[in-house]
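Chains, contacts and geometry: an overview
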Amino acid sequence: MSAEPQNGPKAGCVALNGVPRDSPTVVVSGALGRLQTQLAPEEETQIRLLPMTPGEEPPGAEGPLAPRTALTPRRFAVLLIFSLYSMVNAFQWIQYSIISNIFESFYGVSSLHINWLSMVYMLAYVPLIFPATWLLDTRGLRLTALLGSGLNCLGAWVKCGSVQQHLFWVTMLGQSLCSVAQVFILGLPSRIASVWFGPTEVSTACATAVLGNQLGTAVGFLLPPVLVPSSHNTTELLAYNISTMFYGTSAISTLLFILTIIAFKEKPRYPPSRAQAAIQDSPPAEYSYKNSIMNLFKNIPFVLLLITYGIMTGAFYSVSTLLNQMILTYYKGEEVNAGRIGLTLVVAGMVGSILCGLWLDYTKTYKQTTLVVYILSFLGMVIFTFTLDLQYIIIVFFTGGVLGFFMTGYLPLGFEFAVEITYPESEGTSSGLLNAAAQIFGILFTLAQGKLTSDYDPRAGNLFLCAWMFVGIILTALIKSDLRRQNINTGITNGDIKAVPVDSPTDEESKTVMMSKQSEPAV
């Protein structure tokens, strides 16, 4: 390996694998480098984002090439605030469906109308995901977070004006605003984890951010049956109970919006990892949102993950939306227990999410973990389907918990696996596309399962989901595990990075260029 002085004719050029620096075969130039031979994706990423020699500086750069990385305590505040307003948004998604029979009676509408209060979340996401991810990539994390929290707050207040029997359209308007807020929420967990957290905690942070949304779903299963109980209440008492739920949600949403304004920053002063530093230091002019989208759809492993994630998450959305109807089919008058079963499903999933995040941070076995959890989710769905009508509700609690542990625990796995196999593409873009697939499958599954449940029985609808989840297992097994982000972090940490192989007719055995360890600055 050799280098010319900065003022030389070939400043910043190095020789790789024994090829002279003036050879046209491979030339690595400047900060990014140019390759004249075909590279594997992970090798191209390393050459483009990593310095070639210890202490070498690209032209015009100031300071050492090994950037200072640091972790700030503010990351926990950012993560907590996001998790809380994501929780409130998820609560508003499910608060109608879990007591669908009560809202049908209050507003005088059909069950399909109440189902659309849930499906509007999925419907709004699909057309808005591309402008939302563009906004995240071009305008930043803080503005996206403010829009998500602000619209969530606004939608909650609009619902407060809908507590009259003829104002179903107002509650639909408020729910639609909350569904737009969701577009600016669901894609943030992996971005927040990458921008604010170090490589040894990034998967756990992502799982925690997803956990907030799951906790909101759990609270949405638990509180509405308690706040708006099913009984032969007068219309005035029913309206009072609904109003109490809506105003309480609005007050909490307003508080969280204020906290978001105060505490949410764009990014920390220093990047938390070398991989994040490499992305932040790349010239902004090189980023193209259109090219990023095209690159993702050309990435076959990501496309397969897109489909499998959509199937799994869409099935979860469908089960959550129709849970009340499934339970009441076999257990009349058990609205409260239906909510508790939903709570059990999601709380078990929260535990699964955290454990999966910790496991990924420890082992980095992304594909293996994803495949195993997918298989166990399928088995849990089969058990839930065939034990639902045994007339022992305690069994439904148990099988619902098993189903939730694996099905909901899968959500952060999909996010983190996508970030790994698409690095250095934007985390917000990959997460947004995953969620778009989930919403599309969620709408289709909810409509199909709802039709099968009403025309036949809940078992028919659940078997429909089982069949699709089995397809998801097969597609997951076909995903090639190319952990690009992990390759970058591991390569720098170990100080041992393999150079790009060169097919030279005069050099049969390629030599390997070893980088000496770069000492980590004190943090």
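Per an unreviewed UniProt entry, the chain goes by the name Major facilitator superfamily (MFS) profile domain-containing protein and belongs to Pipistrellus nathusii. The record in UniProt for the chain states the following under Subcellular location (unreviewed entry): "Membrane".

1. Observations concerning the confidence of the model for the chain
On average, residues of the chain score 77 in pLDDT, and 76% of them are at 70 or above. Confidence drops under a pLDDT of 50 for residues 1–64, and excluding neighbours within four residues, the segment shows 110 contacts in the predicted structure. The model gives residues 492–523 a pLDDT under 50, and that stretch makes 58 contacts with residues more than four places away or in other chains.

2. Examining unusual backbone geometry
The phi dihedral of Gln-391 falls on the positive side, at around 65 degrees, and the residue is not glycine. For Gln-391, the location among the structural elements is in the loop between helix H14 (366–387) and helix H15 (393–407).

3. Comments concerning the side chain of Ser-83
Its place among the elements puts Ser-83 in helix H2 (residues 74–94). Note on Ser-83: relative accessible area 9%, which makes it buried. Only 2.8 Å separates the side chain of Ser-83 from the backbone oxygen of Leu-79, close enough to count as a polar contact. The residues contacting Ser-83, other than those within four sequence positions of it, are Thr-208, Ala-209 and Gly-212.

4. Description of the packing of helix H4 (residues 111–139) against helix H5 (residues 141–159)
One can describe the packing of H4 onto H5 by two numbers: an axis separation of 7 Å at closest approach and a directional angle of 140 degrees. With respect to each other, H4 and H5 are oriented oblique. When H4 is examined against H5, the residues Leu-135, Leu-136 and Arg-139 are found in contact with a partner set consisting of Leu-141, Leu-143, Thr-144 and Leu-147. For the contact of H4 with H5, a count of residues per class yields five nonpolar, one polar and one charged.

5. Quick notes on the packing of H14 against helix H18 (residues 458–477)
To describe two helices that pack against each other, one gives the angle between their axes and the distance between the axes. The geometry of H14 relative to H18 is characterised by a closest axis approach of 9 Å and an angle of 165 degrees between their N-to-C directions. As judged from the angle between their axes, H14 and H18 are roughly antiparallel. The way H14 lies across H18 gives a crossing that is left-handed. In this structure, H14 contributes Lys-367, Thr-370, Leu-371, Tyr-374, Ile-375, Ser-377, Phe-378, Met-381, Val-382, Phe-384, Thr-385 and Phe-386 to the contact, and H18 contributes Arg-459, Asn-462, Leu-463, Leu-465, Cys-466, Met-469, Phe-470, Gly-472, Ile-473, Thr-476 and Ala-477. Considered class by class, the residues forming the contact of H14 with H18 number 15 nonpolar, six polar and two charged.

Reading the values: rules and limits
Residues numbered from 1 in each chain as written. Predicted model: local features only at pLDDT ≥ 70, side-chain atom pairs only at ≥ 80, totals over all residues. Heavy atoms only, no water. UniProt positions renumbered as here; feature names shortened; annotations may be inferred. pLDDT = per-residue confidence, 0-100. Contact = heavy atoms within 4.5 Å. Helix = DSSP H or I, 4+ residues; strand = E, 2+ residues; numbered from the N terminus. Buried < 20%, exposed > 50% of the residue type's maximum accessible area, 1.4 Å probe, protein only. Polar contact = N/O pair within 3.5 Å; in protein donor to acceptor, adjacent residues only side chain to side chain. Axes fitted to C-alpha atoms, helices over the stretch in contact; angles between N-to-C directions. Parallel < 35°, antiparallel > 145°, perpendicular 65-115°, else oblique. Nonpolar A, V, L, I, M, F, W, Y, C, P; charged D, E, K, R; others polar. Left-handed = near helix turned anticlockwise from the far one by under 90°.

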